[in-house]
Amino acid sequence: MNTLPLPLDGITVVAVEQAVAAPFATRQLADLGARVIKVERPDGGDFARGYDTAARGLASHFVWCNRGKESLAVDLKDPRGLAVVRELVAGADVFVQNLAQGAAARLGLDAASLCAAHPRLVAVDISGYGADGPYAHKRAYDMLVQCEAGLVSVTGTADRPVKAGIPAADIAAAMYAFSGVLAALLRRANTGRGGPVEVSMLDALAEWMGHPLHQGTHGSAPPARTGLAHSVIAPYDAYATADGEQVLLSVQNDREWRRLVEQVLGRPELADAPDFATNAARTANRERTDEAVGRGLAGLTGREALAGLEAAGIACARLNTVADVAAHPQLAARDRWREVGTPVGPLRALLPPITLPGSEEARMGAVPALGEHTDALLRALGMTDEQTSVLRRDGVIV
């Protein structure tokens, strides 16, 4: 059987991008076979390069979001640099940008302008709050958008709201931009025309608010912050075991409650007790329910608790650390780890979640150094070494 090529093989993407939202979107495209040309500032490049040095001297955000790309370091404020990018866009299939609101339009790199000039181009504008409205020019960092979208209001404990531990607003916008590009490319295949794609972080994360938003919009109180617990299901939480492990479990119905108390907790009398027999009763008596479950699991090791819960058919999990995830047996058994080249040598990275059986494996190319591909890209555009030397001397490229 012949192996199918990656679905975006032959697609060229030019991205004027920074931080997380646009870079994570274009990384998905690169993983699926697209050629992604990342346009960066000569004076330091994408500022995510400087977030930290946790990945063996490189920034963890940058390593995560920028594998498989070619780095072109060029000053867009210089007409000569802007002309280079315009020439690249003219030969591209997709353009993505997430500059500050209005900056792309001033450069003529907004989606509407580019698609008017290049009808087959798919051009994506990623913003914090959208192109219009009272928040259009408001600064939009991930934590701020998490707050504006209400995510922080339903995350945390009763005493304190907290933001998500990952950049949820950036990731939401990135994934809608990614799927928007795929949809627009499919439309182009059918009509011959690309067109603009607009994604805002607020729109994306507000959609992810899902059931809390519907709950609060249609007359009910929005769910209270309950930490790891569930607002309408009990027991549903993390419980300490004898060896200090934290084991999470979720009882979804009264049949599962009976199995839990009879087979794991050794408290069969709780199966039919009026204060515990139904989920409504257990939720109303959450504190006593959690106390009973906690007391039962406290006499077991984490391994024993998980084995007993699995045998009883109760949904359960360990409260893993990041180090635990890196060594997770399921990821290892399914061969999900690969090595990605970087300027400091190979680093471990997970295969992307989209698996295409019968196709080539995700590309997972190297993470580029700043301006690593500048000379090659300019030569491909027909620029001579003398011309590039002048641009480098003038600080237009690095």
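The sections below set out a description of the structure shown in this document. Note on numbering: residues in each chain are counted from 1, in written sequence order. Residue-level local features of this predicted model are given only where pLDDT is at least 70; pairs of side-chain atoms are given and counted only at 80 or more, and the full residue set underlies all totals for whole chains, interfaces and linings. Note that the side-chain values use all heavy atoms of the structure and ignore hydrogens as well as water.

### Notes on the overall build of the protein chain
How we decide: The secondary structure listing takes helices from DSSP runs of H or I that are at least 4 residues long and strands from runs of E that are at least 2 residues long, numbered from the N terminus. For each residue, the accessible area found with a 1.4 Å probe, counting protein chains only, is set against the maximum for its type, and the residue is called buried under 20%, exposed over 50%, and partly exposed in between. Only heavy atoms matter for contacts: two residues are in contact if any of them lie within 4.5 Å across the pair. Per-residue accessibility takes into account occlusion by the displayed protein chains alone, with areas from the Shrake-Rupley method and a 1.4 Å probe. In this tally, Lys and Arg are treated as positive and Asp and Glu as negative; His is ignored, and so are the chain termini. All charge positions are set by atom: Lys at NZ, Arg at CZ, Asp at CG, Glu at CD.
Regarding its fold elements, the protein chain presents 17 helices and 11 strands. Referenced to the eigenvectors of the C-alpha coordinate spread, the extents of the protein chain come out at roughly 85 × 45 × 45 Å. Going through the 398 residues of the protein chain one by one, you find that 44% of them count as buried. The contacts of the protein chain with a sequence gap of at least 6 include a subset with a gap of at least 24, amounting to 67%. If you sum the accessible surface of the protein chain, you get close to 19,800 Å²; carbon and sulfur atoms cover 55% of it. Looking at the protein chain, you have 39 positive and 46 negative side-chain charges, and the mean spots of the two groups are 2 Å apart.

### Digging into a nonpolar patch on the surface
We count it as follows: Two joining distances apply to patches: 9 Å for like charges and 5 Å for nonpolar side chains (Val, Leu, Ile, Met, Phe, Trp, Tyr), and every residue must have over 30% relative accessible area and no salt bridge. For this analysis, a salt bridge means a side-chain nitrogen from Lys or Arg found within 4 Å of a carboxyl oxygen belonging to Asp or Glu.
Together, Tyr141, Met143 and Leu144 make up a nonpolar patch on the protein surface, roughly 280 Å² of accessible area in all. Residue placement: Leu144 occurs in helix α6 (residues 142-148).

### Here's the deal with the layout of surface pockets
Condition: The method works on a 1 Å grid over the protein atoms by themselves. A cavity is a set of points holding a 1.4 Å probe that cannot get out, a pocket is an open set with protein on both sides within 12 Å along at least five of seven lines, and residues with an atom within 4 Å of a point line them. Grid points are joined across faces, edges and corners, and a volume is the space filled by probe spheres set on the points. Charged means Asp, Glu, Lys or Arg here, nonpolar means Ala, Val, Leu, Ile, Met, Phe, Trp, Tyr, Cys or Pro, and polar covers whatever is left, Gly included.
Computed from the structure, the largest pocket encloses a volume of approximately 1,300 Å³. Along its surface, the largest pocket is lined by 45 residues, and Gln18, Phe47, Asn98, Leu99 and Ala100 are the ones closest to its centre. Listed by contribution, the elements that provide at least two residues to the lining of the largest pocket are β2 (35-40), α4 (103-107), β5 (122-127) and α6. Looking at which element gives the most residues to the lining of the largest pocket, the answer is α6, with three residues. Taken together, the residues of the lining of the largest pocket break down into 23 nonpolar, 10 polar and 12 charged. If you add up the space inside the second largest pocket, you get close to 1,100 Å³. Of all the elements in the fold, those that place two or more residues in the lining of the second largest pocket are α1 (21-31), α2 (60-65), α7 (168-191), α14 (322-326), β10 (337-340) and β11 (347-350).

### Considerations on the sheet that holds strand β8 (residues 246-250)
As a reminder, the rule being used: Two strands make a pair as long as DSSP finds a minimum of two bridges between them. For helices, the axis comes from a line fit to the C-alpha atoms of the stretch in contact; other axes are also lines fit to C-alpha atoms, and the angle between any two N-to-C directions lies between 0 and 180 degrees.
With respect to topology, three strands assemble into an open sheet ordered β7-β8-β9, the strand pairing being antiparallel. Two strands in the sheet have a free side with no partner beyond their single neighbour: β7 (236-240) and β9 (315-318). Between one strand axis and the next, the sheet turns by 25° as a mean value, whatever way the strands run. By the bridge criterion, four bridges tie β8 to β9 in an arrangement that is antiparallel. Paired with Leu249 across the bridge in β9 is Cys316. Sheet strands in contact with helix α12 (residues 286-298) are β7 and β8, and its direction is about 40° off that of β7.

### Quick look at the environment of Pro7
When you line up the elements, Pro7 lands in the segment before β1 (12-16). Expressed as a C-alpha distance, the spacing of Pro7 and His118, which sit 111 residues apart in the sequence, is 23 Å. Leaving out residues up to four positions away in the same chain, Pro7 has contacts with Leu32 and Leu356.

### Things to note about the side chain of Asp290
Locating Asp290 in the fold gives a position in helix α12. Buried charge without a salt bridge: Asp290, with Arg286 as the nearest opposite-charge side chain at an N-O distance of 5.2 Å. In contact with Asp290, other than residues within four places in its own chain, are Pro235, Asp237 and Tyr239.

### Things to note about the pattern of salt bridges
Proximity of charged atoms lets side chains of opposite charge pair with each other. According to the stated counting rule, one finds 24 salt bridges in the structure shown. Linking Arg295 and Glu291 is a salt bridge whose minimum nitrogen-to-oxygen distance equals 3.1 Å. Taken together, the residues span about one helical turn, with Arg295 and Glu291 both in helix α12 at a distance of four residues. For Asp335, the salt bridge identified is with Arg338, shortest N-O distance 3.3 Å. Among the residues examined, Asp335 registers a relative accessible area of 46% and is labelled partly exposed. On the accessibility criterion, Arg338 (21% relative accessible area) is partly exposed. Residues participating in the shared-partner salt-bridge network are Glu17, Lys38, Asp46 and Lys69.

### Thoughts on the environment of Val398
Here Val398 is to be found in the segment after α17 (385-393). When the C-alpha positions of Val398 and Leu72 are compared, they lie 8.2 Å apart, and in sequence the two are 326 residues distant. In this structure Val398 touches Pro42, Ala73, Leu370, Gly371, Thr374 and Arg392, once residues within four positions along its chain are discounted.

### Quick word on the pairing of β5
Regular strands place side chains that alternate from one sheet face to the opposite one. Among the six residues of β5, six are classified as buried, and the element is accordingly described as predominantly covered. Burial of the side chains of β5 extends over both faces: Val122, Val124 and Ile126 are buried on one face and Ala123, Asp125 and Ser127 on the other. Bridge analysis of strand β4 (residues 94-97) against β5 gives four bridges, and the strand direction is parallel. Bridge pairing links Val96 to Val124 in β5. Of the strand pairs in this sheet, β5 and strand β6 (residues 195-200) are connected by six bridges, and their pairing is parallel.

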